[in-house]
Protein chains: 2
Amino acid sequence: MHLFYQPDPSIFELDEEEARHTAKVLRLSTRDLINVTDGRGLLQTCRISVAGKRVIYDVIDSTHIKPRNYRVCMAVAPTRKTERNEWMVEKMTEIGVDRIDFVVTEHTHTEGINRIVNLARLNRIAAAAMKQSQQFYLPEITLVNSFKTFVEQQHISQKFMAYVPVHDRTAHVFSKIEKGKDSLLLIGPEGDFTPAEVEMAMSHGFETVSLGNTRLRTETAAVAGCHAINLAQFV
Amino acid sequence: MHLFYQPDPSIFELDEEEARHTAKVLRLSTRDLINVTDGRGLLQTCRISVAGKRVIYDVIDSTHIKPRNYRVCMAVAPTRKTERNEWMVEKMTEIGVDRIDFVVTEHTHTEGINRIVNLARLNRIAAAAMKQSQQFYLPEITLVNSFKTFVEQQHISQKFMAYVPVHDRTAHVFSKIEKGKDSLLLIGPEGDFTPAEVEMAMSHGFETVSLGNTRLRTETAAVAGCHAINLAQFV
């Protein structure tokens, strides 16, 4: 059944864009059934009562989908290219992520940062990816302007920082994950973290890890790191 | 040191696009050192003798980088969107792949297929990703029009087919990989393989595997699958 996103469970109507998609692409009409999630675990089975330019529905069944027993948090230095930030949000959401913080580091280009990390647009991309991959939790996405403040404020049990490729398999983030525990992985910018940033993170409980033996672009490292964590929790 | 790609080791000159990049972006000039690979494991240290619109170099040292002791082959049903095919090539190359076959399946849209899977352009993207990630082997990329012919002709020791998400961790491709052996993973189109295709592949020695418990788009499945295989060989 088609899954839709309505963050406010007191509004029994799809937003304009989803309504258009429902009518024009999916050709759903009155009395058809749809699934609706609020992105916080609520899954409702609904029957369309009004179809057309507006789509209004009645809830006929409602259930709460439990979250995973671990949280995956990714903190990534934004790339200079909007589309690379967008695709890492899409791909991490499909694979499984609870929070994405775009963190400005010393080597991050901050010119036009609110356009390059457009939170409204990134949220729409994450919502589409959540629906596409049939999940019921929308990741929280933020932009953090201070690396120092960020590393000081994290109280997650497993905190990692991807740093320089190494060939030692025990240093891979995959080998570090403890099942059922929350984890946070920091991914640096092109030009990497500064030694001062690495030291600052380490003094706040971050452990440096590797993502394998090839040199990955920031967005590839983010997706590979997110995938490695999910895989370590799964297999 | 900057890495460049020149597939023909008898030509001691960069191609036009790389020459422009060398002069305009990197600002390299006569007597500067560069690395050049042929994409087949040859790594040459070279000194620029002519810089400008043309860049010509002398080889001052030459070495052969050994390939990995396993091959990663990915066979993917092309998506309808050119850019999604392009980014999976870029990302799989960064992560580590030896061959990418775009295989037309029953549910593949074949209209404009040679534009959507533009091999010349995909080779350029793979070459750029190879250089970016400091690797010395360029993956081979092909377009295969017959699923049947493809599955009949594969003689790789470990052959897998990603099919339906399952929650059983032993079914994950990661758990199936034997270290040091070549492997091939087939990724289906939107709308998945047909039951007949699954049967055909299985009768030719393919084993169905899972890529985890979320539903992934084709291009995400390709990147996640490629990453899982590399990780299984690494950790």
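Below or above, wherever it landed, is the structure these notes cover. This one's a predicted model, so the numbers in the text were calculated from it and none came from an experiment.

Another point: the packing of aromatic side chains. Under the defined criterion, the tally for this structure stands at 6 aromatic pairs over all chains. Judged by centre distance (4.2 Å) and plane angle (5°), the ring pair of Trp87 of chain A and Trp87 of chain B falls under stacked. Here the residue Trp87 of chain A occupies a position in helix 2 (residues 82-95), and Trp87 of chain B occupies one in helix 2 (residues 82-95), the pair thus bridging two chains. Summarising the aromatic geometry, the rings of Phe12 of chain B and Tyr57 of chain B are spaced 6.5 Å apart at their centres and angled 80° between planes, so their arrangement reads as edge-to-face. Of this pair, Phe12 of chain B sits in the loop between strand 1 (3-5) and helix 1 (16-24) while Tyr57 of chain B sits in strand 4 (residues 56-64), and the two are 45 residues apart along the sequence.

All names here are of chain B. With 14 residues, helix 4 (residues 119-132) ought to run about 20 Å at 1.5 Å a step, and its terminal C-alpha atoms sit 20 Å apart, in line with that. For helix 4, the full list of buried residues reads Leu122, Ile125, Ala126, Ala127, Ala129, Met130 and Lys131. Where helix 4 is buried, its residues touch strand 1, helix 1, strand 2 (33-37), helix 2, strand 6 (99-103) and strand 7 (140-144). After helix 4 finishes, the residue Gln134 shows a positive phi value of roughly 55°.

As a further point, take the relation of the copies chain B and chain A. Rotating chain B by 180° and moving it 0.0 Å along the rotation axis overlays it on chain A with an RMSD of 0.0 Å. Here the two chains are linked by the operation of a two-fold rotation axis. The residues that chain B uses at the interface reappear at the interface of chain A in 100% of cases, marking a shared surface.

Residue and element names in this part refer to chain B. Here we have 4 strands laid out as an open sheet, ordered 1-2-3-4, and mixed in their pairing. Where the open sheet ends on each side, the last strands, each with one partner, are strand 1 and strand 4. Taking each pair of neighbouring strands and ignoring which way they run, the sheet shows an average axis angle of 35°. With 8 bridges connecting them, strand 3 (residues 42-50) and strand 4 associate as antiparallel partners. When the bridges of strand 4 are listed, Thr45 appears paired with Asp61. In the packing of helix 4 onto the sheet, the strands contacted are strand 1 and strand 2, and the crossing angle to strand 1 comes to about 155°.

Next up on the list: empty space enclosed by the protein. On inspection of all chains with the given rule, the structure shows 2 cavities of 30 Å³ or more. In this structure, the largest cavity occupies an estimated 150 Å³ of space. Around the largest cavity, the lining comprises 13 residues; the ones closest to its centre are Ile95 and Asn230 of chain A together with Leu211, Gly212 and Asn213 of chain B. Among the elements that make up the lining of the largest cavity, the one with the highest residue count is helix 8 (residues 218-234) of chain A (4 residues). Empty space within the second largest cavity amounts to approximately 30 Å³. Every residue along the wall of the second largest cavity is listed here: Gln6, Asp8, Pro9, Ile11, Phe12, Val36, Thr37, Asp38, Leu42, Gln44 and Tyr57 of chain A. Residues of the lining of the second largest cavity, tallied by class, amount to 6 nonpolar, 3 polar and 2 charged.

Facing the 32 residues of chain B at the interface are 32 residues of chain A. Of the roughly 2900 Å² buried where chain B meets chain A, counting both sides, 60% is carbon and sulfur surface. In terms of surface lost to chain A, no three residues of chain B exceed Gln132, Arg215 and Phe234 of chain B, which account for 23% of the buried area on that side. Scanning the region where chain B abuts chain A turns up 8 salt bridges. Here Glu219 of chain A and Lys91 of chain B are joined by a salt bridge, their closest N and O atoms 2.9 Å apart. Seen at the junction of chain B and chain A, the total is 15 residue pairs in polar contact (both at pLDDT 80 or more). Elements that contribute at least two residues to the side of chain B that touches chain A include exactly helix 2, helix 4, helix 6 (173-176) and helix 8 (218-234) of chain B. At 7 residues, helix 8 of chain B tops the list of elements feeding residues into the side of chain B that touches chain A. When grouped by side-chain class, the residues that make up the side of chain B that touches chain A number 10 nonpolar, 12 polar and 10 charged.

Cut-off values and rules
Residues numbered from 1 in each chain as written. Chains lettered and ligands numbered in written order. Predicted model: local features only at pLDDT ≥ 70, side-chain atom pairs only at ≥ 80, totals over all residues. Heavy atoms only, no water. Phe/Tyr/Trp six-rings, centres within 6.5 Å; stacked < 30°, edge-to-face > 60°. Helix = DSSP H or I, 4+ residues; strand = E, 2+ residues; numbered from the N terminus. Expected span 1.5 Å × (residues − 1). Buried < 20%, exposed > 50% of the residue type's maximum accessible area, 1.4 Å probe, protein only. Contact = heavy atoms within 4.5 Å. Least-squares fit on C-alpha atoms with pLDDT ≥ 70 in both. Pairing = 2+ DSSP bridges. Axes fitted to C-alpha atoms, helices over the stretch in contact; angles between N-to-C directions. 1 Å grid on protein atoms, 1.4 Å probe; cavity = no way out; pocket = protein on both sides within 12 Å on 5 of 7 lines; lining within 4 Å. Points joined across faces, edges and corners; volume = space filled by probe spheres on them. Nonpolar A, V, L, I, M, F, W, Y, C, P; charged D, E, K, R; others polar. Buried area = accessible area lost by both parts, 1.4 Å probe. Salt bridge = Lys/Arg side-chain N within 4 Å of Asp/Glu carboxyl O. Polar contact = N/O pair within 3.5 Å; in protein donor to acceptor, adjacent residues only side chain to side chain.

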